[in-house]
Amino acid sequence: MLISKIKVKNASANYPIYIGSNILSKLPKEIKIISPRAEKIALVVDRNIPNKFKHQIKKILKKYNVYIFEYAVNEKFKSFKEVNKLVEKCLSKNFNRNDVLICLGGGILGDFSSFAASIIKRGINFINIPSTLLAQVDSSIGGKTGVNSNLGKNLIGTFYQPKLVIIDTLFLKSLSKKE
C-alpha cells in the first residue's frame, strides 16, 4: 500500500492530504491527532457509495458514536434548507466542537457537508473523503464551501478548510466508465 502525503499550508489552514489505494484505515489515527476528545462522528454519505465502503468506515470508527446521514445527491439537493436539516440533526445529537463531520462523496456533497461543518457551533472538525475523480483532484482541496440559492449556484457559502483529506483511489473503481 503506497501512500503519498501532501501538506497544505496557507494563511488559514495546515492539513494533510493522503493519496493511495485502500487507505481508509488511516482514519482513526488521524482523527485522534485532529481531535483527541472527539466522541461523535457525523458520516455524510452519497447514497451511491457502495455499501462495502460504508461498512468499512463504520467498522474502523467503532470507537466513536457514528451517525450516518445518507443522501441522494444532485444540484437541487444542495440547498440551505437541506443543510439546515443536517445541522439540526447534529445539534439534536449534541455535537460539539471536538466532534467530527466526515463527507464521503463527490463535489456536491463535499460543498454541502463542509458548509454544514462550518456553521455547526461556528465550526466543527471536517474531514473530506472524495469519491469521484473531479472531487479528488479539485473540489476536496481549498476550503470553498457552498449551497445554491434561488438566484444562482454556490451563492451561499464560507471558506472553511478541512482538517484532513483522504483520497482513496479505490473509490474510482466503483464508478461508471463515463465518470
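Residues numbered from 1 in each chain as written. Predicted model: local features only at pLDDT ≥ 70, side-chain atom pairs only at ≥ 80, totals over all residues. Heavy atoms only, no water.

Asks: How do you make sense of the overall build of the protein when you look at a structure like this?
Replies: Helix and strand content of the protein: five helices and nine strands. Relative to the globule expectation of 16 Å for 179 residues, the C-alpha radius of gyration of the protein, 15 Å, shows essentially globular dimensions. For the C-alpha atoms alone, the extent of the protein along its principal axes is close to 45 × 40 × 35 Å. Taken over 179 residues, the protein has a buried fraction of 47%. Excluding contacts between residues fewer than 6 apart, the proportion of contacts in the protein whose partners are at least 24 apart in sequence is 74%. (Helix = DSSP H or I, 4+ residues; strand = E, 2+ residues; numbered from the N terminus. Rg over C-alpha atoms; globule rule 2.2 N^0.38 Å. Buried < 20%, exposed > 50% of the residue type's maximum accessible area, 1.4 Å probe, protein only. Contact = heavy atoms within 4.5 Å.)

Asks: How should I be thinking about the nonpolar core in this particular structure?
Replies: As a rule of thumb, nonpolar side chains are buried together in soluble globular proteins. Counting 23 residues, the largest nonpolar core has Leu-27, Ile-31, Leu-61, Ile-102 and Ile-129 as its most contacted members. Among the secondary structure elements, those contributing two or more residues to this core are α1 (27–34), β3 (40–46), α2 (51–60), β5 (100–105), β6 (125–130) and β9 (164–168). Setting aside its immediate chain neighbours within four residues, Leu-27 contacts Ile-57, Ile-60, Leu-61, Ile-102, Ile-127, Ile-129, Leu-164 and Ile-166. Cys-90, Cys-103, Phe-112 and Ala-116 belong to the second largest nonpolar core, which has 22 residues in total. (Core = buried A, V, L, I, M, F, W, Y, C linked by side-chain atoms within 4.5 Å.)

Asks: Would you explain the pattern of salt bridges in this entry?
Replies: Scanning all chains against the criterion turns up five salt bridges. A salt bridge links Asp-99 to Lys-40; its shortest N-O distance comes to 3.6 Å. With a gap of 59 residues between them, Asp-99 in the loop between α3 (80–92) and β5 and Lys-40 in strand β3 connect regions that are remote in the sequence. Given the relative accessible area of 1%, Asp-99 is considered buried. The class for Lys-40 is buried, based on a relative accessible area of 9%. Of the charged contacts in the structure, one is a salt bridge between Glu-70 and Lys-54, with a shortest N-O distance of 2.8 Å. Placement of Glu-70 in strand β4 (residues 65–71) and of Lys-54 in helix α2 is noted, with a sequence separation of 16 residues between them. (Salt bridge = Lys/Arg side-chain N within 4 Å of Asp/Glu carboxyl O.)

Asks: Honestly, α1 in this entry has me stumped. Any pointers?
Replies: Each full turn of the α-helix corresponds to 3.6 residues, which orients residues three or four apart in the same direction. Here α1 has its buried residues at Leu-27, Glu-30 and Ile-31. Down the axis of α1, the sector holding all buried residues measures 105 degrees, keeping them to one side. Facing away from the buried side of α1 by more than 90 degrees, the exposed set consists of Lys-29 and Ile-33. (Arc of directions from axis to C-beta.)

Asks: For this particular structure, what's the right way to read a nonpolar patch on the surface?
Replies: The grouping of Leu-133, Leu-134 and Val-137 at the surface amounts to a nonpolar patch, some 310 Å² of accessible area in total. Its location among the elements puts Leu-134 in helix α5 (residues 133–139). We classify Leu-134 as exposed; its relative accessible area is 59%. (Patch = residues over 30% accessible without salt bridge, like charges linked within 9 Å, V, L, I, M, F, W, Y side chains within 5 Å. Areas by Shrake-Rupley, 256 points an atom, 1.4 Å probe, with all protein chains shown as cover.)

Asks: Looking at this structure, I do not really get the confidence of the model for the protein. What am I missing?
Replies: Regions with low pLDDT should not have their predicted coordinates read in detail. Overall, the predicted model of the protein reaches an average pLDDT of 92, with 99% of residues at or above 70. The spread of mean pLDDT over the elements of the protein runs between α5, the lowest at 79, and β3, the highest at 98. (pLDDT = per-residue confidence, 0-100.)

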